[in-house]
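# Descriptive analysis of the structure
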Amino acid sequence: MQDIGLSAHKLSVHYGEKAAVKNVSLDFADRQVTALIGPSGCGKSTFLRSLNRMNDLIPGARVTGDIWIGGENINSPQTDVVLLRQKIGMVWQRPNPFHKSIYENIAFGPRYHGIRDKKKLDEIVEQSLRRAALWEETKDRLHNSALALSGGQQQRLCIARSIAVKPSIILMDEPASALDPVSTAKIEELIAELKQDYCIVIVTHNMYQAARISQKTAFFMLGEVEEYDDTDKIFTNPQKISTSDYITGRFG
Amino acid sequence: MAQSVGKQQPKPHLREEWVGRVYTFLCILFLLLTIFSMVYFVASKGLSTFIINKVNLAGFLTGLKWSPDSEPPLFGALPFLIGSFSTSILAAVIAAPLGFCAAVFMTQIMPKFGRKIMQPVIELLAGIPSVVYGFVGLSVIVPLFRDIFPGQGIGIAAGAVVLSIMILPTITTIATDALASLPAGLKEGSYALGATRWQTIYRIVLPTTMPALLTGIVLGIARAFGEALAVQMVIGNSPHIPRSLFESTSTLTSAITLSMGNTVMGSIQNNALWSLALLLMIMTFVFVFIVRMLERRSKL
Amino acid sequence: MNAKTADKIATALIVTIAAIIILILAGLLGYILIRGVGHISFDFLTSPPETIRAGGGIGPQLFNSLFLLVLTMIITIPLGLGAGIYMSEYAKPGRGTDFIRLVVEVLSSFPSIVVGLFGLLVIVNLFGFGFSLFSGALALTVFNLPLMVRITEQGLKSVPREQKEAGLALGLSKWKTIRSIMLPIAIPVILTGTILAAGRVFGEAAALLFTAGMSSPRLDFSDWNPLSPFSPLNPFRPAETLAVHIWKINSEGLAPDAPEIAAGASAVLIITVLLFNMIARWFGRYVHRKFTATK
């Protein structure tokens, strides 16, 4: 049994009267990739966004239930969400680098969190870019605008940006869906590499991607978890008809 | 992972958050305080004419004669009310069809020319200071009217023409936005039934955009109603109800502009002017209210 | 009359009216510029006005207008930004916020003469700032704040949601995210709007008649001590601006060349407003190009 990095217990999300996520309980192991799959509108992204309290931003959204990180329920009004979010990195569907230089994109977080030393910052920038397999491509133009990078590079920069603040968990919301196949392959390689250090939760539409990169898979439907098991098992021997229907492409 | 992420001692970011919250809140508070004190001060000054100086309210609103220096002083604001309403409504009567035609032209007939040239020019028109309009009115329109019509050229007609040019941008911009945001299917459906462009415009486009067009017109009237200097320069400023459109008269704003500096704060003459300002303010509320009603209707 | 003929007539009518509007606009601008530009000279722009004799200039008025503009913007921008940020980022949707919105809308529709009267009552008399540049700047701030709030809100709304989320997900505080991530992206929109608002300030007169006053003391342009009463930089002296000056010489000008002075001053005013407009447009396009070209 692996360490649990993050655990949701009876988590529900309501938008007004409508329930988008219903009573979901899932454990996410540390140093492992967990994929959340399911048809559009099944609540998987909403669920993911609850894990770092991003749904706080949406007016009318109500998140109930517990989210445990290291023995503490972070879905409580007392939680300092700013500190919480430093522990949880996030990557979005579309690359969203800041309108700043490549260097600034990465140094921004650590500097805000108290690292002022230029040398230390340089080091963090280099390390993060190396981890994101972007160092070789960008080391000569660190002070150019990040918006000049290609879409795939931008997405890797966003990953580098989130690991620069040393989180322990990384949430990814369809990180490759807006990218071309070559960039997608690079991102997948990167995820496989990062899982050695992080608890990664990834939402994906692409079932092959889920099969390739994840160890565990949760299948969401209509806001509920239909099935949660080892990825191999889900894809070769699903227990529920709905899961197998989805995987074989009968709907979704 | 055992490290706590939640309840910790106050951190610098909490203070920072607090700074942002307090700063922005103070700004909005300042804004609100300003507005409320504005309403309060103008209202208390304006009402003191009736409360302290015991001027009869009905007489104030319906009286035909404004002569603050006579014995006893007479405060009949009806000439000003008539002046304000007639100039601003007449201005809207002139500007509304023009603005609608300009909007149709820019969205339905020549969209490229409209967007590239006409719209910027009309927006520019909105930025021209009102004293410049007044100056042009005084040196072009007033002499023109003097030559064509009986009288001195000054009066409601001159004021309305100057105001109509001033509010044309407001009306045109809102009409253009309304026409441009019509769903394409609506028009295409009509064309597909064999309707001509004009039939489509007056059977489909005009009825659907009516609330928005009216909003533009009301906003235009509101602006015209509150405009002071441009009107004051061309209206003639005599406190009578005119017998024609080309005879000198006054509006609420022009009366305030001219006399406020010549009266002593606290005197009945001065308070009466504040009552005029209060009327202006109440009309502003009425206009905002009408606009809100229209907006609600256009959303349905 | 059949439908086709009606359509043709209507189209012709609309095109004609549009042409007439363009002619009016062109005529208006042309008239002011042609009548006024001839009167503009270095001497006109720098010398003080004359009350009875011909040959007066608009030097102090021009300076007052510019100085007042700067003063007003110094007060308006921080207040407007703060209030705009509050409305767009901190205010929770609900009745309270709807009410604030209504109140701001009402303020933006108040006639400027009413704002001026309020300034007279509260700033000039109650607070005792007298007829002064500072009183004028405060009155114009009141007059301009709702616009500035709207501009700021629009600017922040133009920031993609993912940018804000990216900042917050990095563990930045909300205020830091607004300041360092969102505002820089919103700046082009805000700045363009602010320049246009500045044009409005420059041409405003009604709100200034009873706050900044209708006369200037004899200014001593060699005295730059902001505290001395004749220094142009003293913000607590009365100041007649260019727009007020145009109004005044039109209604009570005694100088024989009053119409020419009014025309020249109007032309200066128009050219300045045009300039503001063009700068705003050019700046908007420049930033737009800069952002899209690097993508």
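Residues numbered from 1 in each chain as written. Chains lettered and ligands numbered in written order. Predicted model: local features only at pLDDT ≥ 70, side-chain atom pairs only at ≥ 80, totals over all residues. Heavy atoms only, no water.

## Description of the nonpolar core
Residues and elements named next belong to chain B. Note the threshold: The criterion is simple. A nonpolar core is a set of buried Ala, Val, Leu, Ile, Met, Phe, Trp, Tyr and Cys residues joined through side-chain atoms within 4.5 Å. We call a residue buried when its accessible area falls under 20% of the maximum for its residue type, exposed when it is over 50%, and partly exposed in between, using a 1.4 Å probe and counting protein chains only. An automatic or database domain assignment supplies the start and end points of every domain. By the convention used here, residues are in contact when the closest approach between their heavy atoms is within 4.5 Å.
Judged by nonpolar contacts, the single largest core of 175 residues is most densely connected at Leu31, Met38, Phe60, Trp66, Val131, Tyr133 and Leu276. Counting residues domain by domain, this core receives three or more from each of domain 1 (13–67) and domain 2 (78–299). When near neighbours in sequence (up to four residues on either side) are disregarded, Leu276 contacts Phe60, Trp66, Ala77, Phe80, Leu252, Ala255 and Ile256.

## So, the environment of A:Leu57
Counted only if it meets this: Helix and strand definitions follow DSSP, with helices as H or I runs of at least four residues and strands as E runs of at least two, each counted in order from the N terminus.
Note that A:Leu57 resides in the loop between helix 1 (44–51) and strand 4 (61–69). Sequence-distant contacts of A:Leu57, that is, excluding residues within four places in its chain, are made with C:Glu165 and C:Leu168.

## Regarding the UniProt feature "transmembrane region" (unreviewed entry) in chain C
Residues and elements named next belong to chain C. Our working rule: UniProt positions are given in the numbering used here, feature names are shortened, and annotations may be inferred rather than shown by experiment.
When the UniProt feature table is mapped onto this chain numbering, "transmembrane region" (unreviewed entry) sits at residues 12–34, 66–87, 99–123, 129–149, 181–202 and 261–280. What you have in residues 12–34 is 100% helix and 0% strand, and the ends, taken at the C-alpha atoms, are 31 Å apart. Helix makes up 92% of residues 99–123 and strand 0%, whereas the separation of the span's terminal C-alpha atoms amounts to 26 Å.

## Brief notes about helix 7 (residues 181–194) of chain A
All names here are of chain A. Rules: Multiplying one less than the number of residues by 1.5 Å gives the expected span of a helix. Our arc is simply the arc of the directions from the helix axis toward the C-beta atoms.
In this model helix 7 runs 20 Å from its N-terminal to its C-terminal C-alpha over 14 residues, within 8% of the 20 Å that 1.5 Å per residue would give. Every buried residue belonging to helix 7 is among Ser183, Thr184, Ile187, Glu188, Leu190, Ile191 and Leu194, and all of these are buried. Within helix 7, the buried residues cover an arc of 160° as seen down the axis, which keeps them to one side. Summarising the geometry of helix 7, the exposed residues directed more than 90 degrees from the buried face are Pro181, Val182 and Glu189.

## Comments concerning the interface of chain A and chain C
To be explicit about the condition: As used here, buried area is the combined drop in accessible area, with a 1.4 Å probe, of two parts when they are placed together. The working definition used for a salt bridge is a side-chain nitrogen of Lys or Arg within 4 Å of a carboxyl oxygen of Asp or Glu. The nonpolar class holds Ala, Val, Leu, Ile, Met, Phe, Trp, Tyr, Cys and Pro. Asp, Glu, Lys and Arg form the charged class, and all remaining residues, Gly among them, are polar.
Taken together, the contacts link 25 residues of chain A with 20 residues of chain C. Buried surface at the junction of chain A and chain C, both sides included, amounts to about 2100 Å², of which 68% is carbon and sulfur. The largest contributions to the chain A side of the interface with chain C come from A:Phe98, A:His99 and A:Tyr112, which together make up 26% of the buried area. Viewed at the interface, chain C and chain A are joined by 1 salt bridge. Across the pair C:Glu165 and A:Arg49 runs a salt bridge whose closest N-O atoms are separated by 2.8 Å. Along the lines of polarity and charge, the residues of the side of chain A that touches chain C split into 14 nonpolar, 7 polar and 4 charged.

## Some remarks on the sheet that holds strand 1 (residues 4–15) of chain A
All names here are of chain A. Short version of the rule: A strand pair is defined by DSSP finding two or more bridges across the two strands.
Read from one edge of the open sheet, 4 strands run 2-1-4-5, paired in antiparallel fashion. With partners counted over all chains shown, the strands left at the sheet margins are strand 2 (18–29) and strand 5 (72–73), one partner each. Bridge count between strand 4 and strand 5: 2 bridges; the pairing is antiparallel. Considered in strand 5, the bridge of Ile69 is made with Glu72.

## So, the side chain of A:Asp173
Residues and elements named next belong to chain A. Here is the rule: Counting rule applied: Lys, Arg positive; Asp, Glu negative; His and chain ends not counted. Any N or O atom pair separated by 3.5 Å or less is treated as a polar contact, with the protein-specific requirement of one donor-capable and one acceptor-capable atom, and with residues adjacent in sequence counted only for side-chain atom pairs.
Assignment of secondary structure puts Asp173 in strand 7 (residues 169–173). Although Asp173 is buried, it makes no salt bridge; Arg49 carries the closest opposite charge, 5.7 Å away. Within polar-contact distance, the side chain of Asp173 engages the side chain of Ser45 at 3.0 Å. Other than its neighbours up to four places away in sequence, Asp173 contacts Ser45, Leu48, Val91, Trp92, Gln93 and Val203.

## Things to note about the sheet that holds strand 9 (residues 216–221) of chain A
All names here are of chain A. Let me state the cut-off plainly: Convention adopted: a line fitted to C-alpha atoms gives each axis, helices being fitted over their contacting stretch, and angles between N-to-C directions are expressed from 0 to 180 degrees.
Read from one edge of the open sheet, 6 strands run 6-7-8-3-9-10, paired in mixed fashion. Of all strands in the sheet, those with a lone pairing partner are strand 6 (88–91) and strand 10 (224–230), marking the two edges. The mean inter-strand angle of the sheet, taken between neighbouring strand axes irrespective of direction, is 15°. Its contacts with the sheet put helix 1 on strand 3 (32–37), strand 6, strand 7, strand 8 (199–203) and strand 9, and the angle it makes with strand 7 is roughly 150°.

## Here we look at the state of the cysteines
Residue and element names in this part refer to chain A. Using the following cut-off: Here, a disulfide means two cysteine sulfur atoms that sit within 2.5 Å of each other.
The tally for this structure, following the rule as stated, stands at 0 disulfides over all chains. Cysteine Cys199 is unpaired, with the sulfur of Cys42 as its nearest cysteine sulfur at 19 Å. Among the residues examined, Cys199 registers a relative accessible area of 0% and is labelled buried.

## Examining the interface of chain B and chain C
Each side of the interface is counted separately: chain B has 74 residues, and chain C has 76 residues. Buried area between chain B and chain C, summed over both chains or domains, comes out near 6700 Å², and the portion from carbon and sulfur atoms is 82%. Taken together, chain B and chain C are joined by 3 salt bridges. The shortest N-O distance in the salt bridge between B:Glu16 and C:Arg179 comes to 4.0 Å. The interface formed by chain B and chain C contains 10 residue pairs in polar contact (both at pLDDT 80 or more). In terms of residue class, the side of chain B that touches chain C is built from 52 nonpolar, 15 polar and 7 charged.

## What about helix 6 (residues 151–163) of chain A?
Residue and element names in this part refer to chain A. Its 13 residues place the ends of helix 6 19 Å apart at the C-alpha level, agreeing with the 18 Å of an ideal helix rising 1.5 Å per residue. Counting buried positions over the 13 residues of helix 6 gives 12, a clear majority of the element. Every buried residue of helix 6 is listed here: Gly152, Gln153, Gln154, Gln155, Arg156, Leu157, Cys158, Ile159, Ala160, Arg161, Ser162 and Ile163.

## Details of the packing of helix 1 (residues 12–51) of chain B against helix 6 (residues 133–157) of chain C
Threshold: In these notes the angle categories are as follows: under 35 degrees is roughly parallel, over 145 is roughly antiparallel, 65 to 115 is roughly perpendicular, and the rest is oblique. Each helix crossing is assigned a hand: it is left-handed if the near helix lies turned anticlockwise from the far helix by less than a right angle, otherwise right-handed if that turn is clockwise.
Between helix 1 of chain B and helix 6 of chain C, the shortest axis-to-axis distance is 11 Å and the interhelical angle comes to 135°. Considered as vectors, helix 1 of chain B and helix 6 of chain C are oriented oblique to each other. Helix 1 of chain B and helix 6 of chain C meet at a crossing whose hand is left-handed. Residue-level inspection shows B:Phe30, B:Leu31, B:Thr34 and B:Met38 of helix 1 of chain B in contact with helix 6 of chain C, the latter providing C:Val142, C:Leu145 and C:Val149. Of the residues assigned to the contact of helix 1 of chain B with helix 6 of chain C, the class counts are 6 nonpolar, 1 polar and no charged.

## Concerning the pattern of salt bridges
All names here are of chain A. Here the structure, examined in full by the defined rule, presents 21 salt bridges over all chains. Between Arg131 and Asp197 there is a salt bridge, with the nearest N and O atoms lying 2.8 Å from each other. Pair noted here: Arg131 is in helix 4 (residues 118–131) and Asp197 is in the loop between helix 7 and strand 8, with a separation of 66 residues, a long-range link. Three or more residues joined by partner-sharing salt bridges are found here, namely Glu126, Arg130, Glu136 and Lys139.

## Digging into the side chain of A:Gln154
Its location among the elements puts A:Gln154 in helix 6. Under the relative-accessibility criterion, A:Gln154 is labelled buried at 11%.

## Some words on the pairing of strand 8 of chain A
Residue and element names in this part refer to chain A. Burial analysis of strand 8 places 5 of its 5 residues in the buried class, which makes it a mostly covered element. Burial of strand 8 is two-sided: the residues Cys199, Val201 and Val203 facing one way and the residues Ile200 and Ile202 facing the other way are all buried. Where strand 3 and strand 8 come together, 5 bridges link them in parallel fashion. Residue Thr34 lies in a different strand from strand 8, and its bridge partner there is Val201. Inspection of the sheet shows strand 7 paired to strand 8 by 5 bridges, in the parallel sense. The residue of strand 8 that forms the bridge with Ile170 is Ile200.

## Describing the environment of C:Met148
Residues and elements named next belong to chain C. In this structure, Met148 sits in helix 6. Taking the C-alpha atoms as reference points, Met148 and Gly80, separated by 68 residues in sequence, lie 5.0 Å from one another. In contact with Met148, not counting residues within four places along its chain, are Thr76, Ile77, Gly80, Ile190 and Thr194.

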